[in-house]
Amino acid sequence: MANKRTLKQAINLISEELFVECVAASLYGNEKHPENTEALLSSIIKMQADYISRVSHPEPGMKASQYFNNLRESFTKQVSEIVDQINNL
């Protein structure tokens, strides 16, 4: 397992890239939907804050390796959903 700092850096990096892609898609896309873009940007920020706090405070009673594996899987799933939403902008 990577240390918490590395995991937080990866979450921040991926979130920043998603944010940039969302802004680029909204600026250079064919159709303009500012309300969809704003909702997507706020969901990216909320996701980043949620996962950073979850790294800092793991659930008690659960093995660390199992907890962080579940955390990575759920983060990957949520990132792929956001990527699909960005593609639909």
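Scroll up for the structure.
Now for a description of the structure that goes with this document.

Definitions and cut-offs
- Residues numbered from 1 in each chain as written.
- Predicted model: local features only at pLDDT ≥ 70, side-chain atom pairs only at ≥ 80, totals over all residues.
- Heavy atoms only, no water.
- Helix = DSSP H or I, 4+ residues; strand = E, 2+ residues; numbered from the N terminus.
- Buried < 20%, exposed > 50% of the residue type's maximum accessible area, 1.4 Å probe, protein only.
- Axes fitted to C-alpha atoms, helices over the stretch in contact; angles between N-to-C directions.
- Parallel < 35°, antiparallel > 145°, perpendicular 65-115°, else oblique.
- Contact = heavy atoms within 4.5 Å.
- Nonpolar A, V, L, I, M, F, W, Y, C, P; charged D, E, K, R; others polar.
- Polar contact = N/O pair within 3.5 Å; in protein donor to acceptor, adjacent residues only side chain to side chain.
- Salt bridge = Lys/Arg side-chain N within 4 Å of Asp/Glu carboxyl O.

**Quick notes on the environment of Ile 45**
Tracing the sequence through the fold places Ile 45 in helix α2 (residues 34-56). Accessibility expressed as a relative area gives 47% for Ile 45, which makes it partly exposed. Ile 45 sits 31 residues away from Ile 14 along the chain, and the two C-alpha atoms are 11 Å apart.

**Comments concerning the packing of α2 against helix α3 (residues 64-87)**
Taken N-terminus to C-terminus, the directions of α2 and α3 make an angle of 175 degrees; their axes are 11 Å apart at the nearest point. By the criterion of interaxial angle, the relationship of α2 to α3 is roughly antiparallel. From α2, Leu 40, Ile 44, Met 47, Tyr 51, Arg 54 and Val 55 reach across to α3, where they touch Tyr 67, Phe 68, Leu 71, Ser 74, Phe 75, Gln 78, Val 79, Ile 82, Gln 85 and Ile 86. Grouping the constituent residues of the contact of α2 with α3 by class yields 12 nonpolar, 3 polar and 1 charged.

**Digging into the side chain of Ser 26**
Tracing the chain through its elements places Ser 26 in helix α1 (residues 4-28). For Ser 26, a relative accessible area of 19% puts it in the buried group. Engagement of the side chain of Ser 26 in a polar contact is seen with the backbone oxygen of Val 23, the distance being 2.7 Å. Apart from residues no more than four positions distant in its own chain, Ser 26 is found in contact with Lys 32 and Thr 37.

**Here's the deal with the pattern of salt bridges**
A side chain with one charge can pair with a side chain of the opposite charge if their charged atoms come near. The final tally for this structure, using the stated rule, is 1 salt bridge. For Arg 54, the salt bridge identified is with Asp 50, shortest N-O distance 3.8 Å. One end of the pair, Arg 54, and the other, Asp 50, are both in helix α2, 4 residues apart, so they sit about a helical turn from each other. Using a relative accessible area of 27% as the deciding quantity, one classes Arg 54 as partly exposed.

It is worth stressing that arrangement in space is one thing and function is another; only the former is reported here.
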